[in-house]
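Each chain, letter by letter, is given below.
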There are 2 protein chains.
Amino acid sequence: MARFDVIAFDADDTLWHNERLYAQAQEAFRQLLAQYHSPAWIDQRLYATEMRNLQHFGYGIKAFALSMIETAVELTEGRIQGSDIQRIIDIARTMLTAEVELLDHVAETLMSAAQSYPLMVITKGDLRDQELKIAQSGLAQYFRYVEIVSDKSRDSYASLLRHHTINPARFLMVGNSLRSDILPVLALGASAVYIPYHLTWAHEHDTPPQADHPGYYQLEHMGELPALLARLDAIERSLSTQGMVE
Amino acid sequence: MARFDVIAFDADDTLWHNERLYAQAQEAFRQLLAQYHSPAWIDQRLYATEMRNLQHFGYGIKAFALSMIETAVELTEGRIQGSDIQRIIDIARTMLTAEVELLDHVAETLMSAAQSYPLMVITKGDLRDQELKIAQSGLAQYFRYVEIVSDKSRDSYASLLRHHTINPARFLMVGNSLRSDILPVLALGASAVYIPYHLTWAHEHDTPPQADHPGYYQLEHMGELPALLARLDAIERSLSTQGMVE
């Protein structure tokens, strides 16, 4: 008996590299404004603009581009050149057209997991950008469901699980963000596998759960997931044999 | 017997006013660039930029804002002032925070239709913007399903209907865009009610179907929908009595 009815995966920095696109963009942005301000101050003002705009602009590259432009105007007191504004829009376009590069072990892990479980993607950001990335990733074939959401809160997961009539106790989420992929899922009584990525946007930082929190697992990389699933399935079978689960 | 299993509604300019926000924004944009170019040339260049960006930026206010900024840089040969760039971002923010204003007859028509049919919203644009508008509209209670899509093509409708296991012959779409709401739906063998809005973005223009195209109806306003549904339901009942439908 399998331990889970559905396994869901975050996409950005869980299935493919993403945050480094933002890091590269932000480095180019710092250089653009280097004559005006220190890198630390530029980063701080950009993050403040992003947080102020989050409620209405939401997540994703277009929101990031608008926040970079607004920060550039603010930090240059309006002296920013038109050519530099164009440069920022070009940076956004480069991000949106970047090749999708899978993380190590992702392709083979999904191929194997898809044979035993219905798989789902749950990702946030620009609708079209995420759809294009899923299409380009070559992974679409492994996913029975693709859910692109505007926010990953406890409520939005609860509503997704209700919509798909998934019992939280039989649901596993795999992702790289404690704040978006792990904590809200554990709060629902579901399970979560945290696989840290080496870069994390400040907004996604959060306090890890206790290592022994029920249903919480941390792995080094996606290649370790099949062994974890096999172990949990074996435990489930053994409990089932002993009549301890339905 | 009801004629349809599900009735779906477009949102922008079908349920609430939207295109006039873009028209107001574009008027402010023209004034911003009035010292450089004629209104007609500004409109033409903005539309060209929007079409060029559509593939990667998609639909919605954030994409529109980035296209306005890019057009402003182009049309001023980079001489645009930082304060004017900020003004464009403020225009976008005004659009995103605008009050949702329902079209006439929408609230009472949905309230009545929801008593007899499962209702759905199918809308495109920014995920978060559309979610906020649905929440603010006071209409969310009438919709069993909300679908925010990146594009409204024949394929995207086909995939939606499959996902909800809806028979196209028993599906009705109501909307103001021939290109996005009417033609792709008729092409699937479903029914469509076209309710023109007095403003239409050039990109949504298309050739109307023949007035007698099966399943195609045109109404003046949403208040006429209940009578049309009652008429189609009556025909269905009569055919059913005669054993001509299952």
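About the cut-offs
Residues numbered from 1 in each chain as written. Chains lettered and ligands numbered in written order. Predicted model: local features only at pLDDT ≥ 70, side-chain atom pairs only at ≥ 80, totals over all residues. Helix = DSSP H or I, 4+ residues; strand = E, 2+ residues; numbered from the N terminus. Buried ≥ 20, exposed ≤ 12 C-beta atoms within 10 Å, placed from the backbone. Contact = placed C-beta atoms within 7 Å. Pairing = 2+ DSSP bridges. Right-handed = clockwise from strand over helix to strand, strands pointing away. Expected span 1.5 Å × (residues − 1). Axes fitted to C-alpha atoms, helices over the stretch in contact; angles between N-to-C directions. Nonpolar A, V, L, I, M, F, W, Y, C, P; charged D, E, K, R; others polar. Least-squares fit on C-alpha atoms with pLDDT ≥ 70 in both. Left-handed = near helix turned anticlockwise from the far one by under 90°. Parallel < 35°, antiparallel > 145°, perpendicular 65-115°, else oblique. Domains from an automatic or database assignment.

### Quick notes on the overall build of chain A
Part 1 of the reasoning: Counting secondary structure elements, chain A contains 9 helices and 6 strands.
Part 2 of the reasoning: Seen through its C-alpha atoms, chain A measures out along the principal axes to roughly 75 × 35 × 30 Å.
Part 3 of the reasoning: Relative to its 246 residues, chain A shows a buried fraction of 41%.
Part 4 of the reasoning: When contacts within chain A are restricted to residue pairs at least 6 apart in sequence, long-range pairs at least 24 apart make up 70% of them.

### Some details on the pairing of strand 2 (residues 119–124) of chain A
Each regular strand displays side chains that alternate between the two surfaces of the sheet.
Residue and element names in this part refer to chain A.
Part 1 of the reasoning: For strand 2, the buried fraction is high: 5 of the 6 residues fall into the buried class.
Part 2 of the reasoning: Of the pairings in the sheet, the one linking strand 1 (residues 6–9) to strand 2 comprises 3 bridges and is parallel in character. Within strand 2, the position partnered with Ile 7 by the bridge is Leu 119.
Part 3 of the reasoning: Here 5 bridges tie strand 2 to strand 3 (residues 145–149), and the two strands are oriented parallel to one another. Paired with Lys 124 across the two strands is Val 149, which belongs to strand 3.
Part 4 of the reasoning: Once you follow strand 2 into helix 6 (residues 127–137) and on to strand 3, the crossover reads as right-handed.

### Side note on helix 3 (residues 61–75) of chain B
Part 1 of the reasoning: Relative to the 21 Å expected for 15 residues at 1.5 Å per residue, helix 3 of chain B spans 21 Å between its end C-alpha atoms, a close match to the ideal helical length.
Part 2 of the reasoning: Positive phi shows up at Glu 77 of chain B, right after helix 3 of chain B, with a value of about 50°.

### Examining the environment of Ala 202 of chain A
Part 1 of the reasoning: If you trace the backbone, Ala 202 of chain A turns up in the loop between strand 5 (191–194) and strand 6 (216–218).
Part 2 of the reasoning: For the pair Ala 202 of chain A and Gln 136 of chain A, spaced 66 residues apart in sequence, the C-alpha separation works out to 27 Å.

### Concerning the environment of His 163 of chain A
Part 1 of the reasoning: Tracing the chain through its elements places His 163 of chain A in helix 7 (residues 154–163).
Part 2 of the reasoning: You can call His 163 of chain A exposed: it has 11 C-beta atoms within 10 Å.

### Observations regarding the sheet that holds strand 1 of chain A
Sheet strands associate in pairs through backbone hydrogen bonding, adopting either a parallel or an antiparallel arrangement.
Residues and elements named next belong to chain A.
Part 1 of the reasoning: Taken together, 6 strands build an open sheet; the order of strands is 3-2-1-4-5-6 and the sheet is parallel. Whereas interior strands pair on both sides, the edge strands pair on one side only; in this sheet they are strand 3 and strand 6. This sheet shows a mean twist of 20° between the axes of neighbouring strands, independent of strand direction.

### What about the interface of chain B and chain A?
Part 1 of the reasoning: Across the boundary between the two partners, chain B contributes 29 residues, which contact 29 residues of chain A.
Part 2 of the reasoning: Elements with a minimum of two residues in the side of chain B that touches chain A: helix 2 (39–57), helix 3, helix 4 (82–96) and helix 6 (127–137) of chain B.
Part 3 of the reasoning: Class assignment for the residues of the side of chain B that touches chain A results in 12 nonpolar, 10 polar and 7 charged.

### What about the sheet that holds strand 4 (residues 171–175) of chain B?
Residue and element names in this part refer to chain B.
Part 1 of the reasoning: Ordered by their spatial adjacency, 6 strands build an open sheet running 3-2-1-4-5-6, and the pairing between neighbours is parallel. The outermost strands of the open sheet, each flanked by one partner alone, are strand 3 (145–149) and strand 6 (216–218). In this sheet, adjacent strand axes meet at a mean angle of 20° when their direction is disregarded.

### Some points on unusual backbone geometry
Residue and element names in this part refer to chain B.
Part 1 of the reasoning: Phi at Glu 77 takes a positive value of approximately 50°, unusual for a residue other than glycine.
Part 2 of the reasoning: Tracing the backbone through its elements, the reader meets Glu 77 in the loop between helix 3 and helix 4.
Part 3 of the reasoning: Even without being a glycine, Thr 165 presents a positive backbone phi close to 45°.
Part 4 of the reasoning: Among the secondary structure elements, Thr 165 is positioned in the loop between helix 7 (154–163) and strand 4.
Part 5 of the reasoning: The exposure class assigned to Thr 165 is exposed, which follows from the 7 C-beta atoms found within 10 Å.

### What about helix 6 of chain B?
Part 1 of the reasoning: Among the residues making up helix 6 of chain B, those that are buried are Leu 127, Arg 128, Asp 129, Gln 130, Lys 133, Ile 134 and Ser 137 of chain B.
Part 2 of the reasoning: Looking at the buried side of helix 6 of chain B, the elements it contacts are helix 6 and strand 3 of chain A together with helix 3, helix 4, strand 2 (119–124) and strand 3 of chain B.
Part 3 of the reasoning: Where helix 6 of chain B ends, the next residue or the one after it, Gly 138 of chain B, has phi of about 75°, a positive value.

### Points about the relation of the copies chain B and chain A
Part 1 of the reasoning: If you rotate chain B by 180° and push it 0.0 Å along the axis, it lands on chain A with an RMSD of 0.0 Å. Here the copies are linked by what is in effect a two-fold axis.
Part 2 of the reasoning: In this assembly, 100% of the residues forming the interface of chain B have copies in chain A that are likewise at the interface, indicating an isologous arrangement.

### Quick word on the packing of helix 3 (residues 61–75) of chain A against helix 4 of chain B
When two helices pack together, their arrangement is given by the angle between the helix axes and the distance between those axes.
Part 1 of the reasoning: Direction vectors running N to C along helix 3 of chain A and helix 4 of chain B enclose 145°, while the axes themselves pass 9 Å from each other. Viewed along their axes, helix 3 of chain A and helix 4 of chain B form a crossing whose handedness is left-handed. In this structure, helix 3 of chain A uses Leu 66, Ile 69, Glu 70 and Val 73 of chain A to contact helix 4 of chain B, whose residues at the interface are Gly 82, Ile 85, Gln 86 and Ile 89 of chain B.
Part 2 of the reasoning: Of the residues in the contact of helix 3 of chain A with helix 4 of chain B, the class split is 5 nonpolar, 2 polar and 1 charged.

### Quick word on the packing of helix 2 (residues 39–57) of chain A against helix 3 of chain A
Residue and element names in this part refer to chain A.
Part 1 of the reasoning: The contact between helix 2 and helix 3 brings their axes to 9 Å, and the two run at 130°. As the angle between them shows, helix 2 and helix 3 are arranged oblique. Between helix 2 and helix 3 lies a crossing whose hand is right-handed. Listed contacts from helix 3 to Ile 42, Arg 45, Leu 46, Thr 49, Glu 50, Asn 53 and Phe 57 of helix 2 are Ala 63, Phe 64, Leu 66, Ser 67, Met 68, Glu 70, Thr 71, Glu 74 and Leu 75.
Part 2 of the reasoning: Looking at the contact of helix 2 with helix 3 residue by residue, the class counts come to 8 nonpolar, 4 polar and 4 charged.

### As for the domain arrangement of chain A
Residues and elements named next belong to chain A.
Part 1 of the reasoning: Per the domain assignment, the segments of chain A are domain 1 (6–16 + 101–241) and domain 2 (19–97).
Part 2 of the reasoning: Computed from C-alpha coordinates alone, the two centres of domain 1 and domain 2 are separated by 30 Å.
Part 3 of the reasoning: Contacts between the two partners involve 11 residues from domain 1, matched on the other side by 11 residues from domain 2.
Part 4 of the reasoning: Across the side of domain 1 that touches domain 2, the residue classes tally to 4 nonpolar, 3 polar and 4 charged.

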